[in-house]
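# Geometric and topological summary
Now for the letters of each chain:
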Number of protein chains: 2
Amino acid sequence: MVRLLPLAPGKYIRNVLELKRSAPANELKLKKKILIHDIAKHLDVSIATVSLVLNGKAKEKRISDVLAEKVLKYVEEVGYKPNQLAKSLRTGKTHVIGLVVEDIANPFFATVAGLIEKKILARGYRIIYCSTNDDTAKTRDLLTMFQERHVDGYILALPDGVETDVRALVRSGKPLVLFDRELAGVLANAVVVDGAQGMYEATQHLLNQGFTSVGMVTLQAGQAQMQARLQGYAQAMQELHLPELVLEIAFQQEREQIIAQIQAFCQANPECNALLFATNYLGVYGLEALSRLGRRIPEHMAIVSFDDHDLFRLYSPTITVVAQPLEAMAESIISTLLKALEGPVETGRSTQLQLAPQLIVRESSIRVPEKTRPKTSRTKA
Amino acid sequence: MVRLLPLAPGKYIRNVLELKRSAPANELKLKKKILIHDIAKHLDVSIATVSLVLNGKAKEKRISDVLAEKVLKYVEEVGYKPNQLAKSLRTGKTHVIGLVVEDIANPFFATVAGLIEKKILARGYRIIYCSTNDDTAKTRDLLTMFQERHVDGYILALPDGVETDVRALVRSGKPLVLFDRELAGVLANAVVVDGAQGMYEATQHLLNQGFTSVGMVTLQAGQAQMQARLQGYAQAMQELHLPELVLEIAFQQEREQIIAQIQAFCQANPECNALLFATNYLGVYGLEALSRLGRRIPEHMAIVSFDDHDLFRLYSPTITVVAQPLEAMAESIISTLLKALEGPVETGRSTQLQLAPQLIVRESSIRVPEKTRPKTSRTKA
DNA sequence: AAAGTTTGCTTAAACATTTTAGCATATTTG
DNA sequence: CAAATATGCTAAAATGTTTAAGCAAACTTT
């Protein structure tokens, strides 16, 4: 390695050393990574000058236009790219966003991840992701991992139980946006969908269609967004003094168990002629359960599910859903995060956004007039 | 900011400064990040010693067990974590893997991404992802971005047109695994699925079921894996001297256009009573097309699609697929990559793996005996 | 003409670590 | 008993940037 010895202030014995290297270096030229130092040496200016020009501080630091131009030209010519690691070490900024979701393979989160990536790439940010699988301990590990990696900001859909960790993160001043779920007692930027409103509208829609006995299938979990969905349904029912019919599925169960419970619920409540599902997965299982019971949709049972899904668009009949506005969510998440990233460190201030979901009415919730119903015999009484 | 002034070699005026700070620092203590320097200072050993112990080189570098123990204990006690950026800068390793896929929101890639994450997390690697959207220029940018970020390895499903870039990457010695698609003329580690075999079996299955006229819907793209799928079908047909019926869909078309083309194809070939689809999306569009034509599956038209999908498992009837072994793919990708990451730089050697897909026979490809067929009137002659 | 200001750049510290080379001291060997 | 070797640790270089502070020279003001 060639070492530069200071001789007189600002002058180095560059030329001599350069000659010594130039002969055998030719073949290795491709391998040798070019440094800011090499740029400076070649142009006979200081490293600082090159750095300032490259970081757009030429004007501010009064580097002459002609020199700035020369630097940029040479940098372009040799294709120099600053080492991001060194840069990050010095500046503390990595331009990496940490994305933590329940499961990246879940279509909802995968879609949001795709949209976020698309929107944030142009701003020079990259995304590093991890899935929590709703495991509190794992989530806690993930959050510290992200801290260790010095991510600039966080986009988080977290399970219960990490409130303290997130509160600490917020206090530390790191830009952060919660989405899909808020955390109880944590004041932070958040982008969520108004599940209560969505389910309220869905229930009213079913009642308006003349389905008299509407039930709801939800998860037992205490997650806030789940409770809101249940509450929207309950309110619509109470307004008409109708009895609520709720099936709460315990967490962490197998597919078959869930389907069996839905089947049992339907059989135990024969009067029930419409069902709401609180998540797309419950909806999917519900379809399977009804299919096994031989009940036709919507003749025997009308269906509305929260969250859209490929299957719902293409199933026969197509399934009515309360769709989350994915595009708008991604947009809100990004703009909130960028504001926090680029804006001043306005600690204490946080933005809570509640987006309206959209009821997409499809075939599964439309009442079929008696006369046009097919005369297929009912499989179950 | 407190500055440390060198006094004698290796000794700093620590104590004085420490006293000056200790009074008002209490509240800020949480903010002040602890450094390796602080550990060394407290134990009155050198930074080097602490570093060696932490990196498991205590034995090798003959640090006494008692001291090593002391260091580990104190590090644990104060919860010191080395700064990854500084570490990466020095070692050149980031423990980050770059994942480049066509679209992270596509269930196939999202699932693979989820499996890869799960398997690699325990090894201390993180994943940073980007979607190409099959755009050559964007892909090229992504690859250089990943290089700039010094990812340790690459997992790539790339569009055509970046062969030169990938070849350069391979030559540079960076660990890399291609998956889903190989690249023409690029010798690199690769994990792909034998589409020819899969489609050959699927075609034979349909012929065995008595479907006499089997057609195939594929993409016009010249991608190798697409050609293989087509070829598998063609071979099965040729072996029985049956005419091939192929619909090639041009790339980058809208959903509705594709559906219309499939509809037209079906009408133009009324004798065709079984269809193969080369990707899950084509299969999904095919279902829509058949549904619009009022053709029943499998009575009027049997269906097999490449690639499994939620929809195919739950559609009525359930759809027979040639499923890619996702779990095995992820496993192979990871083990190949880890071998390259951790093993010696055996340049020139590369592993090509071709996994067998699995034909999952469901209802859509089973011939229904004439007598048990429903007597529903055919919508089209 | 001396003092002050502006201009255009440089010096060197800082970021936080890893790792090579080497230095005393203690022990073993010839 | 001198020389060689082993032991246990440390100093300092290296990684590649950014940026605060500062220094001459040129220009402007009094």
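Residues numbered from 1 in each chain as written. Chains lettered and ligands numbered in written order. Predicted model: local features only at pLDDT ≥ 70, side-chain atom pairs only at ≥ 80, totals over all residues. Heavy atoms only, no water.

As named in an unreviewed UniProt entry, chain A is Transcriptional regulator, LacI family, taken from Hymenobacter mucosus.

## Looking at the relation of the copies chain B and chain A
With an RMSD of 0.1 Å, chain B superimposes on chain A once it is rotated by 180 degrees and translated 0.0 Å along the axis. Here the two chains are linked by the operation of a two-fold rotation axis. The share of interface residues of chain B whose copies in chain A are also at the interface is 98%, consistent with both copies meeting through the same surface. (Least-squares fit on C-alpha atoms with pLDDT ≥ 70 in both. Contact = heavy atoms within 4.5 Å.)

## Comments concerning the interface of chain B and chain A
The extent of an interface is frequently quoted as the accessible surface area lost upon association of the parts. Taken together, the contact between chain B and chain A spans 42 residues of the former and 42 residues of the latter. When chain B packs against chain A, close to 4000 Å² is buried across both sides, 63% of that on carbon and sulfur atoms. Inspection of the chain B/chain A interface yields 0 salt bridges. Linking chain B with chain A are 12 residue pairs in polar contact (both at pLDDT 80 or more), by the criterion used here. Breaking the side of chain B that touches chain A down by element, the ones donating at least two residues are α5 (84-91), β3 (96-101), α6 (107-121), β4 (126-131), α7 (136-148), α12 (280-293) and α13 (310-314) of chain B. Across the side of chain B that touches chain A, the residue classes tally to 21 nonpolar, 11 polar and 10 charged. (Buried area = accessible area lost by both parts, 1.4 Å probe. Salt bridge = Lys/Arg side-chain N within 4 Å of Asp/Glu carboxyl O. Polar contact = N/O pair within 3.5 Å; in protein donor to acceptor, adjacent residues only side chain to side chain. Helix = DSSP H or I, 4+ residues; strand = E, 2+ residues; numbered from the N terminus. Nonpolar A, V, L, I, M, F, W, Y, C, P; charged D, E, K, R; others polar.)

## Quick notes on empty space enclosed by the protein
Applying the stated criterion across every chain, the model contains 2 cavities of 30 Å³ or more. Of the voids in this model, the largest cavity is the one considered here, and its volume is about 280 Å³. Residue lining of the largest cavity: 16 residues in total, with L85(A), V96(A), R149(A), L85(B) and V96(B) positioned closest to the centre. Breaking the lining of the largest cavity down by element, the ones donating at least two residues are α5 (84-91) of chain A together with α5 of chain B. Each residue belonging to the lining of the largest cavity can be placed in one class, and the counts come to 8 nonpolar, 6 polar and 2 charged. In this structure, the second largest cavity spans a volume of roughly 30 Å³. Every residue along the wall of the second largest cavity is listed here: D180(B), V193(B), G195(B), Q225(B), R229(B), F306(B) and Q324(B). Partitioning the lining of the second largest cavity into residue classes produces 2 nonpolar, 3 polar and 2 charged. (1 Å grid on protein atoms, 1.4 Å probe; cavity = no way out; pocket = protein on both sides within 12 Å on 5 of 7 lines; lining within 4 Å. Points joined across faces, edges and corners; volume = space filled by probe spheres on them.)

## Considerations on the protein's contact with DNA strand D
Around DNA strand D lies a shell of 30 residues, among which S51(A), K57(A), R90(A), T49(B) and S64(B) are the nearest. Taking all atoms of DNA strand D within 4 Å of the protein, the share assigned to sugar and phosphate is 63%. Between A86(A) and DNA strand D, the recorded distance is 3.5 Å, taken from a backbone N or O atom to a base nitrogen. R90(B) has a polar side-chain atom sitting 3.2 Å from a base nitrogen of DNA strand D. Contributing elements (two or more residues each) for the surface near DNA strand D: α3 (47-54) and α5 of chain A together with α3 (47-54) and α5 of chain B. Taken together, the residues of the surface near DNA strand D break down into 14 nonpolar, 8 polar and 8 charged. (Near = heavy atom within 4 Å.)

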